[in-house]
Amino acid sequence: MQTVRVKQKRTEKKDIGGFIIGVLFFLMLGAAIYYVADMLIISREITMENVAGDWHQTKEVGEKVSEHWSFTEDGHAVYYELENDTKKRINEKTYTYTIEPPEEGKTHPIIRVVPSNVRKAEKEAGTIDIRVSRVTKAEMTVEFIYDRFTTKTTRLTKNLF
């Protein structure tokens, strides 16, 4: 006896709609992953354009006051504290800033923040150095250098939406 192979006819149609929906799903997933990586992971060069914006320290749950730094591209900065309940600004101070290259033996540049509209002696006393170790579009890792022995390392963030 001889075996006869019978080829079945394809009666079902290809599911083009499911294929298109699958491709669109993976494109949207890729776009979302790229967006998150671009905002949080991919580091930027530390320039006035990349530092510009309203930055705030990540606040703890139930914290009454949060600290904000607002940098502009033309070299002006504003420091203020924001009452989280009333959204009222308190202790607002204006500064000018410059980004200086890393000091000898250091790897990260410094943002030198100098008070504006004050006398020379007060300028020297109110100057703050901010060493920036990393900048993305939504996050900046900094170290506030108040004087030789007083520093504070923190992370500043921007609102994403």
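One structure accompanies this document, and this report is about it. (Residues numbered from 1 in each chain as written. Predicted model: local features only at pLDDT ≥ 70, side-chain atom pairs only at ≥ 80, totals over all residues. Heavy atoms only, no water.)

Focus: the environment of G18
Among the structural elements, G18 can be located in helix α1 (residues 16-41). Residue class for G18 comes out partly exposed when judged on its relative accessible area of 36%. (Helix = DSSP H or I, 4+ residues; strand = E, 2+ residues; numbered from the N terminus. Buried < 20%, exposed > 50% of the residue type's maximum accessible area, 1.4 Å probe, protein only.)

Quick look at the sheet that holds strand β7 (residues 139-145)
Taking strand neighbours around the barrel as the criterion, the eight strands line up as β1-β2-β3-β4-β5-β6-β7-β8 in a closed arrangement whose pairing is antiparallel. Sheet twist, expressed as the average angle between the axes of neighbouring strands with direction ignored, equals 35°. Pairing analysis gives seven bridges linking strand β2 (residues 65-71) to strand β3 (residues 76-83), with the strands arranged antiparallel. Looking at the pairing, S70 lines up with V78 of β3. (Pairing = 2+ DSSP bridges. Axes fitted to C-alpha atoms, helices over the stretch in contact; angles between N-to-C directions.)

Focus: the environment of P102
One can find P102 in the loop between β4 (89-100) and β5 (110-115). Between the C-alpha atom of P102 and that of R131, which follows or precedes it by 29 residues, the distance is 8.8 Å. The contacts of P102, once residues within four sequence positions are left out, are T107, H108 and P109. (Contact = heavy atoms within 4.5 Å.)

Details of the pairing of strand β1 (residues 53-57)
Across four bridges, the pairing between β1 and β2 is antiparallel. Its bridge partner lying in β2, D54 is registered against S70. Of the strand pairs in this sheet, β1 and strand β8 (residues 151-157) are connected by two bridges, and their pairing is antiparallel. If you follow Q57 over to β8, its bridge partner there is L156.

Examining the packing of aromatic side chains
As enumerated under the stated definition, the model contains seven aromatic pairs in all. Between F25 and F26 the ring centres are 5.3 Å apart and the planes differ by 70°, which places this aromatic pair in the edge-to-face class. Overall, the relative accessible area of 57% leaves F26 in the exposed class. Judged by centre distance (6.0 Å) and plane angle (25°), the rings of W69 and F144 are stacked. (Phe/Tyr/Trp six-rings, centres within 6.5 Å; stacked < 30°, edge-to-face > 60°.)

Brief notes about unusual backbone geometry
Here the phi dihedral of K87 falls at roughly 60°; this positive angle occurs in a residue that is not glycine. Along the chain, K87 turns up in the loop between β3 and β4. On the accessibility criterion, K87 (53% relative accessible area) is exposed.

Here's the deal with the pattern of salt bridges
For the structure shown, the criterion picks out nine salt bridges. Across the pair R155 and E139 runs a salt bridge, and its minimum N-O distance is 3.6 Å. In this pair, R155 is assigned in strand β8 and E139 in strand β7, connecting sequence segments 16 residues apart. Overlapping salt bridges, with partners in common, bring together D38, R44 and K137 in one network. (Salt bridge = Lys/Arg side-chain N within 4 Å of Asp/Glu carboxyl O.)

A look at the nonpolar core
Counting residues in hydrophobic clusters, the biggest one holds 19 residues, and the most contacted among them are W69, F71, I111, I130, V132 and M140. Elements represented by at least two residues in this core include exactly β2, β3, β4, β5, β6 (128-135) and β7. Here the element with the most residues in this core is β6; it accounts for four residues. M140 has contacts with V51, W55, F71, V132, R134, V135, T154, R155 and L156, leaving out every residue within four places of it along the chain. (Core = buried A, V, L, I, M, F, W, Y, C linked by side-chain atoms within 4.5 Å.)

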